Amino acid sequence: MNHYPESTLRDYLTGLVLAAALTIAPFWLVITHPLKSGATFALLAVCALVQLLVHLRFFLHLRISHMDRIWLGALLFAGVLILIMVGGSLWIMWDLNMRMV
């Protein structure tokens, strides 16, 4: 019994178009500078998060409604670990910058 939905070419092409748009848009924002730096950074972060969801949905076929609890727990745990690593790295770089000033 297959609990996971079948993927079609349409799903892959939709994911490809969305991923390409979410990659090109941040490059365009950085190259053309249409917004202030804070707004540009916020929009880059939003594009990155949406692209993560696009990849999980269209390429890795992870859907929360069809996902077992153990897979969801593993995914959330990986997300927490990534946040700890990125947050810790930013904290270390900020602290080193403050010590150099």
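Quick note: structure is the one above.
Residues numbered from 1 in each chain as written. Predicted model: local features only at pLDDT ≥ 70, side-chain atom pairs only at ≥ 80, totals over all residues. Heavy atoms only, no water.

## Quick notes on the pattern of salt bridges
Operational definition: Only one rule defines a salt bridge in this text: a Lys or Arg side-chain nitrogen within 4 Å of an Asp or Glu carboxyl oxygen. The secondary structure listing takes helices from DSSP runs of H or I that are at least 4 residues long and strands from runs of E that are at least 2 residues long, numbered from the N terminus. Buried residues are those whose accessible area, probed at 1.4 Å on protein chains only, stays under 20% of the maximum for their type, while exposed residues exceed 50% and partly exposed ones sit between those limits.
In the structure shown here, the tally under the stated rule is 1 salt bridge. Note that arginine 99 is salt-bridged to aspartate 95, the shortest N-O span being 2.9 Å. Separated by 4 residues within a single helix, arginine 99 and aspartate 95 lie in helix α3 (residues 69-100), roughly one turn from each other. The exposure class of arginine 99 is exposed, given its relative accessible area of 62%.

## Considering the side chain of glutamine 51
Quick note on the threshold: Distance and chemistry together define a polar contact, namely a pair of N or O atoms within 3.5 Å, with one atom able to donate a hydrogen and the other to accept it when in protein, and with adjacent residues in sequence counting only for side-chain atoms on both sides. Any two residues having at least one pair of non-hydrogen atoms within 4.5 Å are treated as being in contact.
Of note, glutamine 51 is situated in helix α2 (residues 37-59). Looking at glutamine 51, its side chain comes within polar contact range of the side chain of threonine 23, at 2.8 Å. Beyond its immediate sequence surroundings of up to four residues, glutamine 51 is in contact with Ala19, Leu22 and Thr23.

## Details of the packing of aromatic side chains
Within a pair of aromatic rings, the relevant descriptors are the distance that separates the centres and the angle that separates the planes. To be explicit about the condition: Two aromatic rings, drawn from Phe, Tyr or Trp (for Trp, its six-membered ring), form a pair once their centres lie within 6.5 Å of each other, and the interplanar angle then sorts them: stacked below 30 degrees, edge-to-face above 60, tilted otherwise. Lysine and arginine charges are scored as sitting over a ring when NZ or CZ, respectively, is within 6 Å of the ring centre and within 35 degrees of the ring normal.
This structure, assessed with the given rule, holds 0 aromatic pairs. It is arginine 57 that lies over the ring of phenylalanine 58; its NZ or CZ is 4.8 Å from the centre.

## Digging into unusual backbone geometry
One non-glycine residue, histidine 33, lies in positive phi territory at about 55 degrees. Among the secondary structure elements, histidine 33 is positioned in the loop between α1 (9-32) and α2. Owing to a relative accessible area of 61%, histidine 33 belongs among the exposed residues under this scheme.

## Remarks on a nonpolar patch on the surface
Note the following rule: Patch members must show over 30% relative accessible area and no salt bridge, and they are joined within 9 Å when carrying like charges or within 5 Å when they are nonpolar side chains of Val, Leu, Ile, Met, Phe, Trp or Tyr. Using the Shrake-Rupley algorithm and a 1.4 Å probe, accessible areas are obtained, with residue cover drawn only from the displayed protein chains.
The grouping of Phe77, Val80, Leu81, Ile82, Ile84, Met85, Val86, Leu90 and Met93 at the surface amounts to a nonpolar patch, some 900 Å² of accessible area in total. Mapped onto the elements of the fold, methionine 93 is located in helix α3.

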